[in-house]
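# Structure at a glance
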Amino acid sequence: MKQLHKQSTSFRKDEEMPFSQTPPYSPKSLKHPRSLPRSLNYILKEQRLLFILVGILIGSTFFIFQPSFSLLSPSDPRGRISAGERDSVVRYRDRTDFSNNYANHAAGGTYNKFANGVGRVPVGIGSKRKRIVVTGGAGFVGSHLVDKLVARGDDVIVIDNFFTGRKENVVHLFGNPRFELIRHDVVEPILLEVDQIYHLACPASPVHYKYNPVKTIISSHCTNVMGTLNMLGLAKRIGARFLLTSTSEVYGDPLEHPQKETYWGHVNPIGVRSCYDEGKRTAETLAMDYHRGAGVEVRIARIFNTYGPRMCLDDGRVVSNFVSQAIRKQPMTVYGDGKQTRSFQFVSDLVDGLVALMEGEHVGPFNLGNPGEFTMLELAEVVKETIDPSASIEFKPNTADDPHKRKPDISKAKDLLNWEPKISLRDGLPRMVDDFRNRILNEDEGKGNK
Ligand SMILES: NC(=O)c1ccc[n+]([C@@H]2O[C@H](COP(=O)([O-])OP(=O)(O)OC[C@H]3O[C@@H](n4cnc5c(N)ncnc54)[C@H](O)[C@@H]3O)[C@@H](O)[C@H]2O)c1
């Protein structure tokens, strides 16, 4: 306003100027008509137009393809990874399905965000070497599994509370840079960065049921439920693949023989064995719910009776019982009439099956067991042949809910995992007997095993 006022004032002043002082009107000089062709001339000279067009072309190309450049640009975290790692990322993206992306999104998206072009490189994805957790890795099966994984070149972390496991089972790996041991109860959560989780931790031996049933029921069920829940939560959080070691006990006292994975089982929910059976059934349910609902990559193995070195000497399982008793020159205890059947697989066959399942693309459940079927009396005969032909048998009343028959149908594992056991009972038993003899001898010499 002030300026307007000033202008108007000045205008008035102008008006008031004497005409004679007014400068003579001179229209603003127009640009010279020849200047247009001169600028055109400038552009056309020395191929300047060509350079301008090329510049425009390069600029527009950059903006059109900018998203794909930015994926590999040094400012992107993946721009800094090696070529091999980039290949792995591409492979990883290829096998990533929608449900995984959904699950990771639901989980806070810490792992599988490559589909959006952001995120970090998961641990170990750039190399074949994996980082693997084995819960219950100081136990019988776990320690053999750990041996195989470490020998394969993976980094293995064992989590164990030594409830039934022993440091002796893994002591040969102490000092190996690929091996770590954590004393931890899986009932409590734990946070680790790994690619795979083999979940074996569980008080599995029936002898504990008899020794302290209530404690064992709580412990077994709690470990199966809370332990599995914690490990599934970890798998979901870090995008790891999760393998559950379930059991043939989920079939209970089966009405179908041999047992296929499609059989839903015949379990007494209130029996003395149900803490274990129902605990494993719940663990399977949890695993499948995490798979369906949260996209966790889950694998389920239903393990049938397994034997081999490092089994607990007196854990109440039939093979270890017979072998320990025969070595100690005690009568072998047969519960019931001894006509109930079981199938026995050597531990290395099981470990091969677990690894094939983990590395394969099928969720399962898969029966992992040896289909060779033996009555308890036949087993006692094989133990006699292997250890002491003069060994005797003592009959005792059968335990409640003891399954009458147990034999896996392994056609699914044969077809989809290309797996089947290789070691017969007569071949496997002597390998276990050597280990048991040494430990029993040490025990007798007062050195102990724990
Ligand atoms: N061996 C078999 O015949 C057989 C058959 C069917 C299923 N399974 C399953 O395979 C797995 C391994 O069995 P195994 O024969 O090696 O038994 P095991 O008792 O030798 O091993 C179990 C391991 O888990 C550990 N553990 C138990 N509770 C734990 C907890 N809360 N936190 C951390 N660690 C804990 C124990 O200390 C032990 O080292 C178990 O899940 C079992 O149910 C085994």
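As a starting point, this report considers the structure included with it. Source: prediction; values computed, not measured.

### Digging into the overall build of the protein chain
- Broken down by element type, the protein chain carries 14 helices and 13 strands.
- For the protein chain, with 450 residues in total, the buried portion stands at 36%.
- The contacts of the protein chain with a sequence gap of at least 6 include a subset with a gap of at least 24, amounting to 77%.

### Quick look at helix H12 (residues 376-386)
- Among all positions of H12, only Met376, Leu379, Ala380 and Val383 are buried. The arc enclosing the buried residues of H12, seen along the axis, measures out at 100°, which places them on a common side.

### A word on the nonpolar core
- In this structure, Ile197, Tyr198, Phe242, Leu354 and Val383 are the most contacted members of the largest nonpolar core, which totals 75 residues.
- In this structure, isoleucine 197 is in contact with Val133, Met231, Leu234, Ala235, Ala240, Phe242 and Leu243, ignoring residues within four places of it in sequence.

### Some points on the site of the ligand
- Near the ligand you find 30 residues, and of these Gly136, Gly139, Val141, Thr164 and Gly165 are the closest.
- Those elements that provide at least two residues to the shell around the ligand are helix H6 (140-152), strand S2 (155-160), helix H8 (213-238) and strand S5 (241-247).
- The element contributing the most residues to the shell around the ligand is H6, with 3 residues.
- Looking at the shell around the ligand residue by residue, the classes come out as 14 nonpolar, 14 polar and 2 charged.

### Focus: the environment of glycine 227
- Inspection of the secondary structure puts glycine 227 in helix H8.
- Its 25 C-beta neighbours within 10 Å are what place glycine 227 among the buried residues.
- Spatially, the C-alpha atoms of glycine 227 and alanine 201 are 7.8 Å apart, while their sequence positions differ by 26 residues.
- Those residues in contact with glycine 227 that sit more than four places away from it in its chain are Val186, Val187 and Ala201.

Scoring rules and cut-offs
Residues numbered from 1 in each chain as written. Predicted model: local features only at pLDDT ≥ 70, side-chain atom pairs only at ≥ 80, totals over all residues. Helix = DSSP H or I, 4+ residues; strand = E, 2+ residues; numbered from the N terminus. Buried ≥ 20, exposed ≤ 12 C-beta atoms within 10 Å, placed from the backbone. Contact = placed C-beta atoms within 7 Å. Arc of directions from axis to C-beta. Core = buried A, V, L, I, M, F, W, Y, C linked by C-beta atoms within 7 Å. Near = placed C-beta within 6 Å. Nonpolar A, V, L, I, M, F, W, Y, C, P; charged D, E, K, R; others polar.

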